[in-house]
Amino acid sequence: MFQIILTIIIYLIMVIPVGIYVYHIAAGKRTFADPVFNRIDGVIYKISGIKPQNGMNWKKYALSLLGTNAVMILLGYIILRIQSIGIFNPNGIEGMEPSLSFNTIISFMTNTNLQHYSGESGLPYLSQMLVITFMMFVSAASGYAACVAFIRGLAGKSKDNVGNFFADLVRITTRVLLPFSIIGGLLLVWQGVPQNLSGNVVVDTIEGAKQVIAMGPVAALEIIKHLGTNGGGFFGANSATPMENPTIISNLIELYSMMLLPGACVITFGKMVRDRKRSRASELVGVDAEEAFASKSKIRRSFTVWMYGREGRSIFAAMGIIFVIGLVVCFWAESQGNPLLADVGLNQSMGSMEGKEVRFGIAQSAMFTTTTTSFTTGTVNNMHDTLTPLGGMIPMLHMMLNVVFGGKGVGLMNMIMYAILAVFICGLMIGRTPEYLGKKIEGREMKLTALCIIIHPLLILAFSALAVGTAAGLEGITNPGFHGLSQVLYEFASSAANNGSGFEGLADNTMFWNITTGLAMFFGRYLSIVIQLAIAGSLMKKKFVSDSIGTLHTDTASFAIILVFVVYIFAALTFFPVLALGPIAEHLTIWA
Amino acid sequence: MSKKQNKKLITPEIFRQAIIGSFVKLNPRTMMKNPVMFVVEVGFIITLVLSIFPTLFGDLAASNLRTYNIIVSVILFITVLFANFAESVAEGRGKAQAASLKKTQNDTKARLLKEDGSEEIILSSQLKKGDIVMVSSGEIIPGDGEVIEGIASVDESAITGESAPVVRESGGDFCSVTGGTTVVSDWLKIKITSDPGNSFLDRMIALVEGASRKKTPNEIALSTLLVSLTIIFMIVIVTLYPVGIYSGVQLKTSTLIALTVCLIPTTIGGLLSAIGIAGMDRVTRFNVIAMSGKAVEACGDVDTMILDKTGTITYGNRLAADFFPVGGASRSDLVRCAALTSLHDETPEGKSTLELARRLGDKSTETEGSTFIEFTAQTRMSGVDLPNGLKIRKGAADAIEQYVKELGGQIPADLHEQVDKIAGLGGTPLAVCKNSRILGVIYLKDTVKPGMVERFERLRAIGIKTIMCTGDNPLTAATIAKEAGVDGFIAECKPEDKIDVIKKEQADGKIVAMTGDGTNDAPALAQANVGLAMNSGTTAAKEAANMVDLDSDPTKILEVVEIGKQLLITRGSLTTFSIANDIAKYFAIIPAMFMEAIPQLAVLNIMHLSSPYSAILSALIFNALIIPCLIPLAMKGVKYRPMSSGKMLARNMLIYGVGGIITPFIGIKIIDLIIHPLLTLIGL
């Protein structure tokens, strides 16, 4: 437990400078690294004809994002189909079949990185680099760009300019993802992760058997898969293999690299929204007769506000609360061990070690599991299929919520949807028509928010029902009974939340699973982003309403708690029946 | 609109009407307007069909399946009726008010004046805009209009409930009359200003009846939320069927419908329109007519209130507040003389001077043979000539100065100092002299109405800024502003200034409320987000405003704002309550659904409900019963006390959020205890 607390404390400290740095990038402010990056970006802008100063409205921004992604999906699909050509293919891997290619390319473009193939046998280095690693950068940058545009909309400095998508994409890639990846990648290489283009090595083991040691440009992929909250390993066994994640230090590097940027995103949000408040406050100074009144609602100074931004703090806190609750449950459940194994005489005092790496143990496994699903990365350092029922329910639940920090920016956008719901109810409770960040929430925003919130359960539940209701779906289930349902739910939750981790027990490389999860990933990603940008677009056109002691304050601890409840009630209750039939029933059965 | 009737929530008559109304509203076309309850109705129809053909949708045949389906359909039917009943009751209360208004409208005869000067008796409903009618004492004014000739006292109790007649005359701010009111003395020549069916009274009737009720923006947004919740839960239920089959449970159609109805927000869905109508009704009961529900809603959001000083904040009369002796005169002498001059002075100044003197211990009485001199505009002073020859005068300082000089007296050196001091305090100085000697000055002050300070305190507590408008000079204005505790003021205010200040506040994103009566207030009333016009005011002002106060009490804006807030709070609280209920319902129904196939899930049956049937039906019955239980709350509104937003949120969340989680656990358990033996009897 102590190591988990320590890990979290270090995270809370590290996330602040990263958050401030990302905020400067997002807000277009000066940073120490400008002299280098301005030149790099300038060259890129010139080559690709981007005019970064040209702003876009939300529609144009969304279209640019969709268009760019569509082109990359097409190119990526072609590469996967023709990957058997002899470039960077020392192990002679064949081309990918159509439905798997469809699934794979959607998976990587949507930042999901669900893998229905096994890296070492399914992809040559060419695809690993050109498709997988490349997409890990652009899909993360796309999500982050959408989020930055969304925040700009909420901050509402202009009426219809949410920024330039292409400029955002470039800036995020060159100033955040690349430098962070290089540093992190080198650290991983230091810990022993391979980074080469050699073919697999066959060695004789001490026992005299032959073993194939996989090689390849692993470190590069490894770092961006975490930084970009991508997931999807170079190898089938993902971050559980020593080749990807050899030591406890590499484990921490991977852990932090997936946690930092989503957390930083919330700080960026807090600071950008605060910007707006400040500029408005300074406008008001000139106005007479206001002072006496304004002074009462004057902004209190606080350390946490300085760190996370006023509005960011409550959102961060709400996410943090849900994260910690999940982590504690997962850790507790895993520590309990498995009573069935205890019955056959296996010592469970270490907890349930089935499917876990001894070098990580229960604590780092539970931490990694909760993190990878909360931050919707999808990389795993243990087998999620063999988690205890309740321990496995937590990662599933967090993907169903999809708001616990979430993937690159997307989690924040989703959380804001729930914040809008929360202010709607809370606003009424204090006798005002609801407002958030100084904008009135009315019919149109409510409609879009509702739509956004419906999509997620619809994708997960409808596809799960389809899977357990059809022969094609049932074929994939390797584990009958409650656990089988958990496998199905997990697969679709992971797809819809663009997480990408799997229960892995599922025999999922079939037409049915490739297509259904592909669709879940596609709609889970793009419908949400477009709707969320539409909400930002609609909010930014509105007039600011004034702020007084009579208005709802969304920067308080009580709002954070209410937000947690709203998330649990709206999202968790939706999934309660299926969870009861899956993991809860399984838990009650083995502990009965 | 007698006060007694107002207090009673439901009269037998309203009750009877509401029962009929709840059945009439079962018409699917009416139900469609309320999607949440429409789903319940559809569920009812399906279970009704299943009561006749239990295995129509492939449910496993069982001996008691029909009985079960019948019970579910009956409960669903009652649920819909309860929701309809709530709406009908709210409408019924409005209708009862409207009915009393309508009585005054029926069969009024009007004496139409033709151009040639002759009169023609026609029905009031035939009057057109621009017609001129004559109304004499004892007759009912046939329509809204403006007095173009004559002066008369009018009994407006039919509309305002206020029995004291008011004076109406041509020109000025008192020229507007309302149809349905009665002239009690003299006569009026009235130019009709509204077409039939569109008079003030007509609109008022339509509004209180809820006939012209449109959903307000916030109601639309809330409905969207409720509909989306309904959709989410429908997705949950529809997908649960195949998932159940996979898990080895074939769920009964009725059970799935029961779970749907329990989970979708029927409580708020059933009460939402009732809350809206009741909110309007509460405003009406305050004798304020809101032109739309939107206006009442906007009240809740008010950030800034623009109030006239005179009439709203202060009495406008100048009352004695203190005595300041000058020229070495004794204070008691000044008080005595001031009192003597005021013994028969009926002006507020005189009365209050006497009152103040009495309070300061003066006991002087009228001396036999005194002559009292009344105040005139020429002399600008009043006084008394005592039998002993003493002439005491009080009046405007310069008039008294003049008077004393004429008598050859000296002007005390400190007189001007005192006079300026009082002026500086925002008061009016009134000098008092005994023969040729000036004794001192009375400090007359514009007095803030009692209770206003506390009211502004309340407003500040909920973050509403008050701005006072007055024609006074800045010094006077500042004094009153400070005393009343308003947050800002505009001195020497012209009507344009009001519009400017409203626009400025609105530019800062504030919602502005104001009251007004005169024609020159009309543009400002129209500009403000919430404009409350006085019924005594001009037609122009009333047309421009979105609310009219029938009692013409400008302070009422404060109450209206609180009603607006209360309306929103009620909506929010019941929504929270409704959604929070779902937790308990899940714990009742989910184990009940699956316990037979998966016995381990019995652990989730934390309420220890007796049997699966009993659990499902208990939850369903609770879901139905909670609607009528909350009708009184929906009608009266959640209790409102001014406090900061944080405190209010915490308080309401505790009551309706946490309460909403706990209540159904208890309620469902109790219902289970009651119905389980009954269900056993009929074989469930």
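Residues numbered from 1 in each chain as written. Chains lettered and ligands numbered in written order. Predicted model: local features only at pLDDT ≥ 70, side-chain atom pairs only at ≥ 80, totals over all residues. Heavy atoms only, no water.

Engineer: Would you take a moment to explain the packing of aromatic side chains for this structure?
Structural biologist: Each aromatic ring pair is described using two quantities: the centre-to-centre distance and the angle formed by the ring planes. Taken as a whole and judged by the stated rule, the model has 27 aromatic pairs over all chains. Seen from their ring centres, Tyr308(A) and Phe316(A) are 4.7 Å apart, and the 35° between their planes marks the pair as tilted. Both residues of the pair, Tyr308(A) and Phe316(A), count as buried. Their ring planes at 15° and their centres at 5.5 Å tell us that Phe463(A) and Phe492(A) sit as a pair that is stacked. Placement of Phe463(A) in helix H17 (residues 443–469) and of Phe492(A) in helix H19 (residues 482–496) is noted, with a sequence separation of 29 residues between them. Like Phe463(A), the residue Phe492(A) is buried in the burial classification. Taken together, the ring pairs in this structure connect Tyr11(A), Tyr308(A), Phe316(A), Phe323(A), Phe375(A) and Phe405(A) into an aromatic cluster. A cation over an aromatic ring shows up here: Lys439(A) above the ring of Phe544(A), its NZ or CZ 4.5 Å from the ring centre. We note Lys421(B) situated over the ring of Phe324(B); from NZ or CZ to the ring centre the distance is 4.5 Å. (Phe/Tyr/Trp six-rings, centres within 6.5 Å; stacked < 30°, edge-to-face > 60°. Buried < 20%, exposed > 50% of the residue type's maximum accessible area, 1.4 Å probe, protein only. Helix = DSSP H or I, 4+ residues; strand = E, 2+ residues; numbered from the N terminus. Lys NZ or Arg CZ within 6 Å of the ring centre and 35° of its normal.)

Engineer: Which parts of the structure should I look at to understand the side chain of Asn218(B)?
Structural biologist: Inspection of the secondary structure puts Asn218(B) in helix H8 (residues 217–246). With near-sequence residues (within four places) excluded, Asn218(B) lies in contact with Phe424(A), Leu428(A), Thr433(A), Pro434(A), Glu297(B), Leu568(B) and Arg571(B). (Contact = heavy atoms within 4.5 Å.)

Engineer: Before we go on, may I ask you to explain the pattern of salt bridges in this structure?
Structural biologist: Side-chain pairs of opposite charge can arise where the charged atoms are in close proximity. According to the stated counting rule, one finds 42 salt bridges over all chains in the structure shown. One salt bridge connects Arg571(B) with Glu297(B), and the closest N-O pair in it is separated by 2.8 Å. With Arg571(B) in helix H21 (residues 556–594) and Glu297(B) in helix H11 (residues 293–300), this pair connects stretches of sequence that are 274 residues apart. When its relative accessible area of 4% is taken as the criterion, Glu297(B) is described as buried. Arg331(B) serves as the salt-bridge partner of Asp322(B), at 3.4 Å between the closest nitrogen and oxygen. Asp322(B) gets classed as partly exposed once you look at its relative accessible area, which sits at 25%. By sharing partners, the salt bridges in this structure join Arg432(A), Glu435(A), Lys440(A), Asp301(B) and Asp303(B) into a single network. (Salt bridge = Lys/Arg side-chain N within 4 Å of Asp/Glu carboxyl O.)

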